[in-house]
Structures are given as C-alpha cells and as structure tokens.
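# Reading the structure
Each chain, written out:
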Amino acid sequence: MKIRAGLLAGICAGALAVPAYAQDTTGDSSESGIAETTDNTRVIIVTAQRQAQSLQEVPIAVSAFDAEALEAQQIENASDLQLTLPNVSFTKSNFTSSSFTIRGIGDLCVGVTCDAATAIHVNGSPLFGTRLFETEYFDLERIEVLRGPQGTLFGRNATSGVVNVVTAKPDLSGFGAAAEFEYGSFDSMRVKGMVNIPIGDTVGVRVAGYYLDRDGFTENLYDGSNIDGREMYAIRGSLRFEPTATTTLDLMGFYFREDDDRMRIQKQTCQRDPTGVLGCLAGRRDFDKTNANSTLASVLTSAELFAIQDLPTALALGSVYGPDGFANFDEPDDVRVVSTPFTPEYYADELQIQAHLEQAIGAMNLSLTGIYQETTVDSRQDYNLGVQNRAGYAGALNTLAFFAANGIPTGVASPAFIPGSSAYFAPIAAALIPNGPNGVLCTSDNLTENQGVFEGQSVCSDAPLAFDRSYQEQTSWSGEAILSSDFDGPFNFLVGGIYAESKVGEDSYYVNAFGLDYATAMLGTFSSFANGLSPSYLATSMYRNNTTDFKLQSFGIFGEIYFDITDRLKFTGGLRYNDDKKTVEARTTLASFLNPFSNDGDPFDSPFAAGYDADPGTPGPQPFQVREVSFSEVTGRAVLDYEITPDNTLYVSYSRGYKSGGINPPLSPIFAVPESFGPESINAFEIGSKNTFLDGAAQVNLTGFYYDYGGLQLSRIVARTSVNDTIDAKIWGLELETVLAPSRNWLINMNLSYLNAEVAGDQFFANPRDWGGGDPDAVIMKDLGNGSHCALTGAGADGLVNFLNPYFGLQGTSEFPADGGIASSGAFGICSIYEAATNGAIGLVNPALAPLQPFIDAFGPVSVLNSGVLVNLKGNKLPQAPEYKASLGVQYTAEFGSGMTLVPRFDLSLTGEQYGNVFNGNVNRIEPFVQANAQIQLNSADERWYVRAFVQNIFDSDSVTGLYLTDASSGNFTNIFTLDPRRYGVAIGAKF
C-alpha cells in the first residue's frame, strides 16, 4: 500500500503517526505546544479505514488534529473542536447532554432510549453516555472526525459521522516526561503532565493527567457570587506490551471527575407575554422573564382554579389575571450576568477500561478490542434563573397559618371551626413555612426515593425556589473483533463483528418548585378531608420523569472489500447488518396519588399508591410502563477512487446510514404522542477531490455531498417531558479544506463550507410557541388544570370562550401584542370543559349548565385540539445546521541564531446563521458569530521548555450555539447555550 509524502497538516486536516511502527516518520507530537519544528514534509497517516493510510489517499471526508495542532489552535474541548471543522457544529443541550452535528445531522433526539447520530469513540471503541464533552483534552495522539454515515468500519452505526479520540500510547524506546502549568483570567489554574517509562524492551507504561480549577464565568447578582466555575481532574494510565514483532497489547484505564457549580444552561430569553397565557411570545428572544402566571405552579395555585374546585380562594397564592412573580424582575441584559437564589451544583465522573490486541498473522491482522465504561452525571440548577417576588403570597400564607392553628372556619359562632380540621393544614405549614408566614419558604429537595418537603427533605430560602435536577447512572461494555488483510495483490478485505450492552440503572429529571409543593398539599388535603381520609397531599410533590431501568443490546457484523481495478482505479464495497434491542421501565409522576403526611418514607409506600397507573396503554394500574422495541437493518457503502496523478485523486461514493428508533416516556392519555419513534435512514452521495500541489506546499481538498434523509428524529417538549417525532429531509453541501506552506516558516490553513439542510415534503406538526398555528380565528387556551395548551378552532371559537368562560369565573379572550408573532387570541380555561361543550355535553360538566347547550351550539362548529393546530414544515431549515462556515489560521516561525524560535499564531472562525428549532422564524434564529484566538510561544533551542501567552475569544463574543424551548407549563421560555467568554493567560511547559 502506497504512502506518499505529504504536508504538515496536523493543524488543519491531517492526523499523524497512527501505528506504532510509523511514529519515527512523524516528528515529535508530545505535549509541547505549537510548532516546535518547521519541517513541512512529514508523512500524514490516518486510520479512518482501520488501516494505516496516507490522508490524501483515503476516499473519505476526514479531518484530524494531532497533539501539537490541538495546542496550536487552543482546542481544549469539543466546543473548541467545532470552530475549524467544515460543516461541523457542537452545542451543549438541556439535560446534561450535548449535540455534535455533522452536515446538518446531530443528536436532535432527546431521551434515554435515543442513539447518538454522531458516534463518539475512544481508540476505536464506541462510548455510551460519555462525559467526554466536560473534560479537557490531554495527552492525545490525535482526534479524527469522519463526516458522513459510518457503519462498515466502526462498531456502532452513525448517521452523521464519527469522532474518534486516540490517546497517546507508551513509547518503548525511552523515558519521557512533559508538564505544563497555566494561569489565566478568572483565577484559572490548569496543570497537565505525562510520564512515559519503558520497562525492558517489551513493556512500556505511560501515565498522564490534568487538573483544572477556575472561578465562574457568570456573575450572580442575588448574592454577589461568581458561578459557572470548574473544578475537575482526569488521569489516564496506559500499558503497552510487545512480546514479539507481530503482537501488540495495549491496556488503558481512564478516570474523570468534576464537582463544581457549572451551569447547565447559560441564560434564558423570552419576549414577555403580558396576557400570561403563553408566558413568552413568538416574535423574538429578549432578555426578559416569562410571565409566571403561565406556569404550572401558578395555575394550580390560582384563585381561579381554587374557585372552580370550590376551595377557599383566600388560600390561593395569586390570580392568573393579577401581577405575576416576575412582574417587576429586571433580567440583566448580559449572558454572563444572572440573578438566582439557587447556586448550581454539578457532578460528573467517568471510568473507562480498555484492552486492545493487534496480532499479525502472515499477511493478515487480527484486532480484538474490549471496553468497559461507567458514567454518572448529577446537575441541579435554578429552573427559571430568576428571583420571584413573594409579596403576592402573603395573604395565602397568613391564611394557611391561621387554618393550621385553628382549622377551617364554619361561618357560625359555635363551633367556629370544624373540629379536627387543623390537622389537615398543620403539616403543610410546618413543612412549607416552618418559621411562620414571614419566614423562609421551603421547597422539596429531590431525592431518588421521591421524598420531599413533606417527608422532611427540603431546601429553604427567603425567595420562592424553583429548580431542576438531571441525574443519570450508566454502565456499558462492548467487544469487537476485526480481521483485515494486507495482500500484495489487487484484492484485500476487512471483516468484523461487535457486541455491545448499555444499561441505565437510573435516569431522572426533576422539577421542584415551592408552588408545586403548595398545590399538591392544598389539592390533596382538601380531597382527603372531603372523603374522610387521613391528612394527605398529592404525591409526588415534585415533577419526576423517572427511568428505573433501560437496556440496550446491540450486535453488528460488518465488512469491506478493496479491489484495485487498475493501478489507478480502486473499488471499495462494504456491508453491515445491525440488530438493536431496547427495553425500558419508566414512569412520570406529579400529584398522582394521595400520600398521608404521616408517611415519611418513599411516597410509593402510600396505601393509595396501589391505584397509581403509570401505563394508560395497559389495562389496570401499573407501577411502571414497560416497553420493548427491536430494530434491524442492512446498510453499506460503495466507493470508486481514481488517482489522476500521484498527487491528485478523485472519488465518488454512496453509503446508507441507519440509526435505531426508541421509546417515548409515558404521558397522560390526553397528550396524543406515539409511544415509540422509528429509526432513521440516510442515502448519502459524495464526490471528492484530494490534491497536493507545488511539491507539497499546497493541499486542496474539495467535497460535495447530497443526503436523502428519512425519519430524522426530532425532540419536542410535551407535558414537561421530551418526546420524539420523525421527519424527512434533504441535505446538500460543499466543503473546501486548504493548507498552504509558502515557505518553511509560514503555515496557513483555510476551510470553507456551505450547507443546505431542509425538511422535505409535507410534514405537519404543531409549533410549541404558537399552538394556534397562525390561525386568526383560533383561541389558544391555557388549561388551568395542567398548565398545557389546547387550541379552539372555528369561526365561533372566540365568541364561545367569551360566552362560556364567565360561568366559571374566568375572563374572555385577550389579543396578544402585535409584535408577538401570534395571530390567534388567548384565554385561560379548562380544555376538557370545552371538549364537552363542543360535543354537545356541557351538562356532563355540571347539570345546571345543560340549558346553555343551544347557545353553545349557535356559535357553529368549534374543534378543541389538545395537540394544537398543525403547520407544514416543508422547506424549513434543520436545527443546528449553519448555512456556511469559514476558518483561517496563520502561523509564523521566527528562528533566532541561538536556535530558539518564536511562534505567533492567529485563528479566526466564522459560523453563519442557523436555527435552534425546526419551526424557524426570527425567534428561533441563531445569529452568526465570530471566534478569534491568538497566542505566541517561545521555544528553547533544544525544545525542552517553552513559554506561551494566549488569548481566547479575542472579541469577547457572546456566541450562541444552541437553543432549547421549554413547554407551555413552563412558560415557553428559551434556554440558550454559549461558548466561553474572553480568556487570557500564560503557560510554561517542559519536557524530558
């Protein structure tokens, strides 16, 4: 197999020194900073096709970075990695996860049963639920990013591509060590180090690690603190054993741990809705807070719902028509400034143990790899990133204290209070306002046993708290075998198989709020009192979407053949069979059953929990919803590559990608969502040209692609839970990657990409921001019973609401502001009442209302749509798919007579317009952003030490990389995710 001389492309598009036997051809790539050599003729070796090949010969769109390149471009983590890669974007996402998007295809599916579109590997082994995106890169050999569907070479199917992190291996040739200390702004300290020790001629050991500690990037006006800091470390130990020239055994152990106040969500934005029906409007994203009257906690504790339920309105925390808790809150107009009474908490760790055997057998090679992985993540954060005003609670809390001390008034002189009724309110007051109405307010802590404030587990504050928690524990392992040939003739092959298991033992998402505790207490205590039951609240007092068991079992058989049709024309053909089986046990709880205040254990120990039904689709009460799905598929690829000259190649390829479907979490039957979602499939066509000019001084690679996508999985929030749908899409684009070395001292890299990713065909879905779908005759109704929306459609919808709402003490419709992007009107109400009324059965709601039916019918046909008015997404842009990207890097090496070198480098990247939501529009638009980095490094003559000064994000850009839209019961606010602010510092390093 030919390996041609190439260009120093580690800084742009090449990976260096994959196999151990080729390391001596690559120069040094230890942790030594940038450009310790001006040699621009190193051979570029990659293993994108599971064998050592020159980068320019590989008929795949692949980019890679060696250790020197990562340092040079200040690529410290996955967020940085995206900046110089064509048609690649990365963003953190809402639930302690992330999305690596390649050519418009990313991890848009949200949930424990979702597969990753972009497969993340370490040393060729797939990772599940990895915390790799929290860690910093250290002691790596390279990072490869393969664009396009992968399946016939890598163990897990991937529809968008593969990110393969290759760690540095022990060097048996001699002792080595490297260390670096960095200090920077935000009182940041970073330490990295490596020690390499050969033991005899056949064994080598390498130990590397890093530690990072810095202050927070975000100012918290509530208490003057800085939050969003980092304190993390990782350590990796590697052992290489080479008993013979044909046998290599690599063992690797890795552990990462983070424990700090990292913010999972950087900021929340909202165009505030004065009506309170939506919470946030759909015209734009302002620095403002949602109208709290739109939230579930507010509607469940409103005077209007209490009146409908015949409960004392004096106990209501407020009115949906009155001032809300955020009415006078001033949201800072800065993504790095918030005001929160709840300090974020973030913990994550990951363990990896890997073994890899390479055994040459004549002209063939056997590769065996196994990996075991454990991950944990636990994050808590203020749900609203704001401070609610408790002044509106004063009347209700005083009334609660009065009822707790005296009982329910009778309205007569004797007895003045219902005997024994105080026992129903005393536990509520003791738990929620232990120091009286003017003291602290206590909110349920979120423990894994569902225990909250009424079981003595609480968090107290002067301000009403609302916070969430995302928690997951996962274990995974996989084993893979690959047999490949290296015959001298025109034919070669690769065949492999993999089996993988991943098990989630706990996956929970909680939302806790003082208002939810108050609502579950009041609704439960009046229910238990009315039925003569012991004093109880409705459990759970917190919202919890809880997966108690998820298991993935996956196996695949894959292979490729390589045939030299002529000396210049080659054919590659690959096939894969994949089989995935998923089982899940889950439930969603909030105010689901009565639980006596006297039960201080798990609320599911309540005598009333036996009637709880987690699975409406199965007859009888079920404590969990249990589902199982299976998927299988045959995929493959075919490639023709033609060597025009020894330095110019052209290839065309077709590949079919596949990603299995999954299971949506259980929801109430009123929310019509499918229980499962189907697999994705992609037909990908690509044409590329790889070229080297001017005796290696210029490298120019150009790629064009077209994707026909079926069943793209997209997430949306329904009833506070993420569910997934599928759509079809068409995607095409161009990618240009160039490296120029006009002289031995200059190195310039320039990349440019264009992407057009659109929804194909007629695809109808309801827009969560606009349940009326742009219909001016529709009424968007906020349901006081569950905080969600329904839409009333028909010419008489507005008149019907204005007629019927007053019978329930509710106001009629209101118009939204003209600049809000909402054509429909809005109102508070009870959707089930309107369903009965429009079906001619208002008397079933209340027999006294039966005479109103003729008047209701006079408004003409009106439909109540719990799923909203559907709109056509045809032609809309896919989320997280920037239309264009461009990057430029310039590096110069100044050589001094002493042998020392001074190397300045500047990097600039531009990411174009994209959308954070498939419904597009201005409110979902993510503006283009520019990131610029610079550094200058002084290297000693013997390259044993260096000093570096750097600045990242020179322009201090508030670069938004992604959006997450919450649901109606949260007020439709938008979480945004950003890159880091400007940071600068100095580093000193040495190697031995």
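Note that this is a predicted model, so its numbers are computed, not measured. (Residues numbered from 1 in each chain as written. Predicted model: local features only at pLDDT ≥ 70, side-chain atom pairs only at ≥ 80, totals over all residues. Heavy atoms only, no water.)

## Some remarks on the sheet that holds strand 40 (residues 814–815)
Where we set the bar: Strands qualify as paired when DSSP identifies two bridges or more between them. Only runs of H or I of at least four residues qualify as helices and only runs of E of at least two qualify as strands under DSSP, and these elements are numbered from the N terminus. Any two residues whose heavy atoms approach within 4.5 Å are treated as being in contact. Axis geometry follows a simple rule: fit a line to the C-alpha atoms, using only the stretch in contact for helices, then measure angles between N-to-C directions, giving values from 0 to 180 degrees.
Pairing is mixed across the open sheet formed by five strands, whose spatial order is 40-41-38-39-42. Looking at strand neighbours, the two that pair on one side only are strand 40 and strand 42 (863–865), the edges of this open sheet. For strand 40 and strand 41 (residues 825–829), the ladder comprises two bridges, and the chain directions are antiparallel. Bridge assignment links serine 814 to a residue of strand 41, and that residue is glycine 826. Helix 8 (residues 797–804) rests against strand 38 (779–783), strand 39 (789–793), strand 40 and strand 41 of the sheet, and its axis sits at about 40° to strand 38.

## Remarks on the pattern of salt bridges
Where we set the bar: By definition, a salt bridge exists where a carboxyl oxygen of Asp or Glu is found within 4 Å of a side-chain nitrogen of Lys or Arg. For every residue, the accessible area (1.4 Å probe, protein chains only) is compared with the maximum for its type, and the residue is labelled buried under 20%, exposed over 50%, or partly exposed between those bounds.
As enumerated under the stated definition, the model contains 43 salt bridges in all. For aspartate 139, the salt bridge is made with arginine 206, and the minimal N-O distance between the two is 2.9 Å. Here aspartate 139, found in the loop between strand 7 (125–126) and strand 8 (140–147), pairs with arginine 206, found in strand 12 (residues 203–214); they are 67 residues apart in sequence, far enough to count as distant. With a relative accessible area of 9%, arginine 206 lands in the buried category.

## Concerning the packing of aromatic side chains
Rules: Only the six-membered ring of Trp is used, alongside the rings of Phe and Tyr, when aromatic pairs are assigned; centres must lie within 6.5 Å, and planes under 30 degrees apart are stacked while those over 60 apart are edge-to-face, with the rest tilted.
Enumeration according to the criterion identifies 33 aromatic pairs in this entry. On the numbers, 5.2 Å between centres and 85° between planes, the contact of phenylalanine 403 with phenylalanine 425 is edge-to-face. On the criterion of sequence distance, the pair formed by phenylalanine 403 in helix 5 (residues 394–406) and phenylalanine 425 in the loop between helix 5 and helix 6 (426–432) is long-range, its members being 22 residues apart. Classification of phenylalanine 403 as buried rests on a relative accessible area of 7%. Using a relative accessible area of 1% as the deciding quantity, one classes phenylalanine 425 as buried.

## Section: a negative patch on the surface
Filter applied, for reference: Patches in this entry comprise residues that are over 30% relatively accessible and not in a salt bridge; like charges within 9 Å are linked, as are nonpolar side chains (Val, Leu, Ile, Met, Phe, Trp, Tyr) within 5 Å. Using a 1.4 Å probe, accessible areas were evaluated by the Shrake-Rupley method; residue-level cover was limited to the displayed protein chains. Two residue types count as positive, namely Lys and Arg, and two as negative, namely Asp and Glu; His and chain ends fall outside the count. Throughout, a charge is located at the NZ atom of Lys, the CZ atom of Arg, the CG atom of Asp or the CD atom of Glu.
On the surface, Glu219, Asp330, Asp333, Asp334, Asp956 and Asp958 cluster together into a negatively charged patch. Of note, aspartate 333 is situated in the loop between helix 4 (303–308) and strand 18 (337–338). Its relative accessible area of 62% is what places aspartate 333 among the exposed residues.

## A short note on the nonpolar core
Selection rule: In plain words, nonpolar cores are sets of buried Ala, Val, Leu, Ile, Met, Phe, Trp, Tyr and Cys residues tied together by side-chain atoms within 4.5 Å.
Judged by nonpolar contacts, the single largest core of 58 residues is most densely connected at Leu784, Leu792, Leu804 and Tyr834. At the level of elements, helix 3 (296–300), strand 24 (491–513), helix 7 (514–530), strand 38, strand 39, helix 8, strand 41 and helix 9 (831–838) are the ones that each hand at least two residues to this core. Other than its neighbours up to four places away in sequence, leucine 792 contacts Asp777, Ala778, Val779, Met781, Ala797, Val801, Tyr834, Val862, Ser863 and Val864. Judged by nonpolar contacts, the second largest core, of 37 residues, contains Val165, Tyr210, Met252 and Ala348.

## Side note on the environment of glycine 559
Position of glycine 559 relative to the elements: it lies in strand 26 (residues 543–564). Here the alpha-carbon distance between glycine 559 and cysteine 442, two residues 117 residues apart in the chain, equals 60 Å. Beyond its immediate chain neighbours, meaning those up to four positions away, glycine 559 contacts Thr152, Leu494, Val495, Gly573, Gly574 and Leu575.

## Things to note about a nonpolar patch on the surface
On the surface, a nonpolar cluster with roughly 870 Å² of combined accessible area is contributed by Phe487, Phe491, Ile561, Phe563, Ile565, Leu640, Tyr642, Ile644, Leu650, Val652 and Ile687. Going through the elements one at a time, strand 26, strand 29 (625–645) and strand 30 (648–659) are the ones with two or more residues in the nonpolar patch. The element best represented in the nonpolar patch is strand 29, accounting for three residues. Of note, phenylalanine 491 is situated in strand 24.

## Focus: helix 5
Because an α-helix packs 3.6 residues into every turn, residues spaced three or four apart end up facing the same way. Heads up, the rule is: A helix is expected to span 1.5 Å for every residue after the first. What the arc measures is the spread of directions leading from the helix axis to the C-beta atoms.
Between the first and last C-alpha of helix 5 there are 18 Å, a value that for 13 residues agrees with the 18 Å anticipated at 1.5 Å per step. Within helix 5, burial applies to Ala396, Leu397, Thr399, Leu400, Phe403 and Ala404. The buried residues of helix 5 all sit within an arc of 160° when viewed along its axis, so they share a single face. Elements in contact with the buried residues of helix 5: helix 6, strand 21 (441–444) and helix 7. One or two residues past the end of helix 5 sits glycine 407, with phi positive at roughly 105°.

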